[in-house]
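Architecture at a glance
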Amino acid sequence: MAKYYLTTTLPYVNAAPHLGHALEFVQADVLARSRRAAGDEVVFNTGTDEHGLKIYRKALEEGKDPAAYVAEYAAKFDDLKHALNLSYTNFIRTHTPEHMAAAQEFWRRCAATGDIYKKQYAVKYCVGCELEKTDSELVDGACPIHPSLTLETIEEKNYFFRFSKYQVPLLALYRARPDFVVPEARLREITSFVERGLTDFSISRLKAKMPWGVPVPDDADHVVYVWFDALVNYISTLGWPHSASAEGEAPRGTPETFSEWWGSVERPNAVQVAGKDNLRQQSAMWQAMLMSADLPPSKQIFIHGFIGIDGQKMAKSAGNIIDPFVIAEKYGTDALRYYLLRELPAYEDGDFSIAKFEEAYNGSLANGLGNLVSRVVKMAATANCALPKPRAEAGVRADTVETLDAVPEFDTLWKAYDEGLAEFNFKAAADAVWAAIAMTDRHIQSTEPFKKMKTDPEAAKRDILALLADIRAIALHLAPMLPGTSEKILAAVMAPSSDFKPLFPRLH
RNA sequence: GCCAGGGUAGCUCAAUGGUGGAGCAGGGCUUUCAUAAGGCCAAGGAUGUGGGUUCGAAUCCCGCCCCUGGUACCA
């Protein structure tokens, strides 16, 4: 049984979850569910990034203790598990003793390699981004993403990470693994970035100014810069360093598991999902940090785009933040998952609007999937036939289940489906399922089992059994994407009822 | 400025040298098993622009216009 390790980035808990978070979680969830269905053992990690200046200030603003503040927000993000029906196995919070100890140990290893040193530092800094800004990045002297915030000038002695040392190894990594970053355009982007040369970056802050972070080992005056701390979650969630083969460390949990999950240099195993704003952190900074700590790189990093709202950027200042809880509550979890997976471009920015959402809902969910299932289930109920329970349990792939193929062309569609998922092309995978739905609708029209029921009941029964099998194949392929809907269909094909309720009631 | 990607039907996109396709929306016809659902048909495009290469260009080359993303750090 293969081990599949998958992680999202950790949302920074300075604001409530929005549609962009939902996109990343749902995409990752599809990967996790499909691998589980294929028989892999899966660790699916997510969580919350809880340190840094912005959070510290926000907590004080709200008159809260930072620890209480981040705990409250972590709970909000964890609630998405139910609202979006997510199957993550790990939810890591960076403000926990285990993670903080891991971040410190990671620091020590980089220091031992000679990659951490102290130097005088002066730079403009955007509190909104938690990132340093150069003049070339500024628009009218302000951060383009947070124009209302005043840039701070930081001038202090900080610890630096020897990023520059890893230019050549990073380029070698990119060259050796053409699918290290998906899509390709993003790999080219990061390659070009690294080719232009790397400069060491600051990885600490003066505790006197910013106490909310992981203490720097052996230096009480500094805390670890939030990025350096947060990225370590990908391995601390696996129990690193305690479960690693670190000498003198007492194993925690199952000792040998870290390298099985994270992988080795020869066979890296960690798949990361991140937004395009995180390209640099995930595919360059984090990889260099891993090299420095003598740990294997990630296996693959998938970069998704952003979601615009009615053609505009989603932003607090624009007042157009879409709350995934609200959408899921109103239209259903699977309706939201459907939109995120199929109605957005695979690798680029997409757009959301209530009008588009409702159009897609009616067209593909109510009229397409829902109606097909209704018509087949009702015919089956009338003809009094049903599929036997599958020999294997639910979750087994369709091709391993006995089917009476009414529509043999499904095979090519399922191939496209598999290829889509392998390339993180959720839209392509979903398109294959909807092509199967359309094909089945056409098949019903051309074979007319509803007429045969009156003239030749036995022939009708054969047709309908085959249709039930097709619906089941569709449901099994739908399972990673729309798990709740898939379950309903699988239940219905084994016990068709004339009271079957529409899966997605049409919106008017 | 530089790097990368893009500009194709009303909308979202496909088609990397061989008669421009699909989905959705809009139009017409039609079935009745189904959620006023389904099916069929037609319409809809000087492929941003100006040149060039070629028997042949959405596709390759050059110029231009526009859009998107990136452009850390040092000076």
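Residues numbered from 1 in each chain as written. Chains lettered and ligands numbered in written order. Predicted model: local features only at pLDDT ≥ 70, side-chain atom pairs only at ≥ 80, totals over all residues. Heavy atoms only, no water.

Within chain A, the secondary structure is distributed over 19 helices and 16 strands. The buried share of chain A, taken over its 508 residues, is 56%. Residue pairs at least 24 apart in sequence account for 76% of intrachain contacts in chain A once pairs closer than 6 positions are excluded. Carbon and sulfur atoms provide 52% of the accessible area of chain A, an area that totals close to 22000 Å². (Helix = DSSP H or I, 4+ residues; strand = E, 2+ residues; numbered from the N terminus. Buried < 20%, exposed > 50% of the residue type's maximum accessible area, 1.4 Å probe, protein only. Contact = heavy atoms within 4.5 Å. Areas by Shrake-Rupley, 256 points an atom, 1.4 Å probe, with all protein chains shown as cover.)

Attention shifts here to the sheet that holds strand E14 (residues 307-309). Here 3 strands make up an open sheet; going across it, the order is E15-E14-E16 and the pairing mixed. The open sheet is flanked by strand E15 (312-313) and strand E16 (350-352), the only strands paired with a single partner. Judged from the 2 bridges that link them, E14 and E15 form a sheet pairing that is antiparallel. Its bridge partner being in E15, glycine 308 is matched across the sheet by lysine 313. (Pairing = 2+ DSSP bridges.)

So, about the pairing of strand E1 (residues 3-7). The buried count for E1 comes to 4 of 5 residues, which makes it a mostly enclosed element. Examined bridge by bridge, E1 and strand E2 (residues 41-48) share 5 bridges and lie parallel to one another. Following the sheet pairing, lysine 3 is matched in E2 by glutamate 41. Sheet topology note: the E1/strand E12 (residues 270-275) ladder contains 3 bridges and is parallel. Following the sheet pairing, leucine 6 is matched in E12 by valine 271.

Evaluation of the coordinates by the stated rule reveals 29 aromatic pairs. Between phenylalanine 44 and tyrosine 88, the aromatic rings sit 6.0 Å apart at their centres with planes inclined by 90°, giving edge-to-face as the arrangement. With phenylalanine 44 in strand E2 and tyrosine 88 in the loop between helix H4 (80-83) and strand E3 (90-93), this pair connects stretches of sequence that are 44 residues apart. The exposure classification of phenylalanine 44 matches that of tyrosine 88, with both residues buried. When the ring of tryptophan 107 is compared with that of phenylalanine 228, the centres are 5.7 Å apart and the planes differ by 80°; the resulting orientation is edge-to-face. Linking tryptophan 107 in helix H5 (residues 97-113) with phenylalanine 228 in helix H8 (residues 226-231), this pair joins segments that are 121 residues apart in sequence. Take tryptophan 107: its relative accessible area is 4%, and that puts it in the buried class. (Phe/Tyr/Trp six-rings, centres within 6.5 Å; stacked < 30°, edge-to-face > 60°.)

The next subject is the packing of helix H12 (residues 324-331) against helix H13 (residues 333-342). As a packed pair, H12 and H13 sit with axes 6 Å apart at the nearest point and diverge in direction by 120°. Taken together, the axes of H12 and H13 lie oblique to each other. Mapping the contact onto sequence places Pro324, Ile327, Ala328 and Tyr331 in H12 and Thr333, Ala335 and Leu336 in H13. (Axes fitted to C-alpha atoms, helices over the stretch in contact; angles between N-to-C directions. Parallel < 35°, antiparallel > 145°, perpendicular 65-115°, else oblique.)

All right, on to the side chain of histidine 99 then. Relative to the assigned elements, histidine 99 resides in helix H5. Excluding residues within four positions of it along the chain, histidine 99 makes contact with Ile92, Arg93, Thr94, Asp229, Ala230, Val232, Asn233 and Ser236.

On to the pattern of salt bridges. Following the criterion strictly, the structure yields 21 salt bridges and no others. Two residues, lysine 64 and glutamate 72, come together in a salt bridge whose shortest N-O distance is 3.3 Å. By relative accessible area, which is 27% here, lysine 64 ends up partly exposed. With a shortest N-O distance of 3.5 Å, aspartate 219 and lysine 118 are connected by a salt bridge. (Salt bridge = Lys/Arg side-chain N within 4 Å of Asp/Glu carboxyl O.)

What follows deals with the environment of leucine 231. Along the polypeptide, leucine 231 turns up in helix H8. What makes leucine 231 buried here is its relative accessible area of 2%. Along the primary structure leucine 231 and arginine 442 are separated by 211 residues, whereas in three dimensions their C-alpha atoms are 50 Å apart. Those residues in contact with leucine 231, other than ones at most four positions away along the chain, are Gln281, Gln282, Trp286 and Met289.

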